[in-house]
Amino acid sequence: DILGLRTRPICRVLCGWSVGVGHHYVHNLAMSRAIRQWWTQSNHSLLLRSQDNLLKSLVSAPAVSLDGGSSPINGVQFRNNNASGDETLILSHGFGSGLGFYFANIDPLLQRGNRYSRVILLDWLGMGGSERPSCRASPTRSWSESGSFCSSHFSPTQATRFFTDPLHKLLETHEIQNATLVGHSLGGYLAARYALRHPERISRLVLASPVGFPAKPIDALPPSQLSPGMRLFDALWSANITPQQLVRMMGGSRGRKSVSRTLRKQIPHLASASSDLLADYLYHITVAHPSGEFAMNSLLEGAASPESVGVFAREPLEDRMVNAFDPSIRLKILFGDRDWMRTSANEGSAARVVSELQTRNTASSASIHLVPNAGHHLYLNNAPDFVSHILSDF
């Protein structure tokens, strides 16, 4: 039991929190990372190497590292020499993922369209190959009212800005204006929050299977009324126990096998070679130092009502976008037709946003679409249609 007293010191070390000294836990980031790297057989250099192997093997266009200056964000860019304009397309990943997951979209985006002079893939701060701040500098929500050693005491707004402020600095460094910003899942939520705060930088916004539109149900059940399974889920969520931490606990061999099995189950149509490269990449970004993954609890919360079970943003998008979204930004929301994120609450809330934006401003270009033959990873499940939505006029 990873919540048992005997395993807590081990988990603190492998998860990057602290090491025990006497009756106190003293944060020792260097020792924690060294032990974790030995146990998981992974480090930052191997992570970036797996990213390079993935992109070089599965993308014909050459990737160039994005010089972020003082930015802690990891990114790569692809140039389109046949572009008629100078627009930039930015693709941002979801929770537990990384920039390499867009490998199937790059060549079609460059070959089928001439709108974008460059395509940028980036990792959110604390995820993928970007810098990973320590837990106290990451969006870590305390599991108790009295706080915890590792809690950063970030509010949901501060947790959002943990991700969006470095993105803004990167766009400023590269003087990027009028960009098309694409965000998947949690990345869709963060992309929307960025567009709300910095509309002058964005001309088009694509939210692919985004989380976070509706508010938590007012009839959400208290923990005492949840089923045993849901109570366990709620306890793990509240204690910041992430899927990544479970893989770290497995170690190198078992962890790799677990990641590979999960990936093949979620995206079964990938060719064996592609799946192997993606699994190796996913393993390294999964067992890297825990940081941005704590956003799972700081930005989102699980809730169950008599009618449904779901994940909801602590600061939902619906009211914010209806009241403050810049109508000059062209908005497109995508869900896969077999998308688990396409709950009635989330899809319905997104549809209300589109309807309200269209009603309040006839010049607004907002739409919502279903991508056929696609689940949550619609950019991989149906890459041609996903690319078509990005390249088409909104």
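Look up: the structure comes first, before these words.
Here the residue numbering is sequential within each chain, running from 1 through the sequence in written order. Given that this is a predicted model, residues contribute local features only at a pLDDT of at least 70 and side-chain atom pairs are listed and counted only at 80 or more, while totals for whole chains, interfaces and linings are drawn from all residues. Think of the side-chain values as coming from all heavy atoms in the structure, minus any hydrogens and water.

Caption draft 1: Examining the overall build of the chain more closely. The way it works is that DSSP assigns letters per residue, a run of H or I at least four long becomes a helix, a run of E at least two long becomes a strand, and they are numbered from the N terminus. When helices and strands are tallied, the chain shows 15 helices and twelve strands. Across the 394 residues that make up the chain, the buried fraction comes to 55%. Taking the contacts inside the chain whose residues are at least 6 apart along the sequence as the reference set, 76% of them involve residues at least 24 apart. Accessible surface for the chain amounts to roughly 17,000 Å². Of this, 52% is attributable to carbon and sulfur atoms. Summary of the burial criterion: residues with accessible area below 20% of their type's maximum are buried, those above 50% are exposed, and those between are partly exposed, where the area comes from a 1.4 Å probe applied to protein chains only. Contacts are assigned to residue pairs with any non-hydrogen atoms lying within 4.5 Å of each other. Per-residue accessibility takes into account occlusion by the displayed protein chains alone, with areas from the Shrake-Rupley method and a 1.4 Å probe.

Caption draft 2: Quick look at the nonpolar core. Among the nonpolar cores identified, the biggest contains 50 residues, and L186, L205, M321, F325 and L331 are the most heavily contacted of them. By residue number, the principal contributor to this core is helix α6 (residues 186–197), which donates eight residues. With sequence-adjacent residues up to four places away left out, L205 is seen in contact with L181, A191, A192, A195, F325, I329, R330, L331, K332 and F394. Put simply, buried Ala, Val, Leu, Ile, Met, Phe, Trp, Tyr and Cys residues joined by side-chain atoms within 4.5 Å make one nonpolar core. Listed in part, the 46 residues of the second largest apolar core include L89, L278, A279 and A374.

Caption draft 3: Structural context of helix α12 (residues 317–324). Those residues of α12 not exposed but buried are L317, E318, M321 and V322. Seen from one end, α12 has its buried residues packed into an arc of 120°, which puts them on one side. Exposed positions of α12 whose direction lies more than 90 degrees from the buried face are D319, N323 and A324. For α12, the elements touching its buried residues are α6, β11 (330–336) and α13 (344–360). Throughout, the arc means that of the directions going from the helix axis to the C-beta atoms.

Caption draft 4: Examining the pattern of salt bridges more closely. Any carboxyl oxygen of Asp or Glu that lies within 4 Å of a side-chain nitrogen of Lys or Arg is treated as forming a salt bridge with it. Counted under the stated rule, the structure contains 15 salt bridges. Linking R193 and E315 is a salt bridge whose minimum nitrogen-to-oxygen distance equals 3.0 Å. In this pair, R193 sits in helix α6 while E315 sits in the loop between β10 (309–313) and α12, placing the two residues 122 residues apart along the sequence. Judged by its relative accessible area of 12%, E315 is buried. Linking R314 and E301 is a salt bridge whose minimum nitrogen-to-oxygen distance equals 3.6 Å.

Caption draft 5: Spatial organisation of the packing of aromatic side chains. Note on aromatic pairs: the rings of Phe, Tyr and Trp (six-membered ring only in Trp) are paired at centre separations within 6.5 Å, and the planes decide the class, stacked below 30 degrees, edge-to-face beyond 60, tilted for the rest. Within the structure shown, the criterion is met by seven aromatic pairs. Ring plane angle 85° and centroid distance 6.4 Å describe the contact between W124 and F163, whose orientation is recorded as edge-to-face. One end of the pair, W124, is in the loop between β6 (116–122) and α5 (156–173); the other, F163, is in helix α5, with 39 residues separating them in the sequence. A relative accessible area of 1% places W124 in the buried class. Since its relative accessible area comes to 0%, F163 is described here as buried. An aromatic cluster is built from W124, F154, F162 and F163, whose rings are joined through pairwise contacts.

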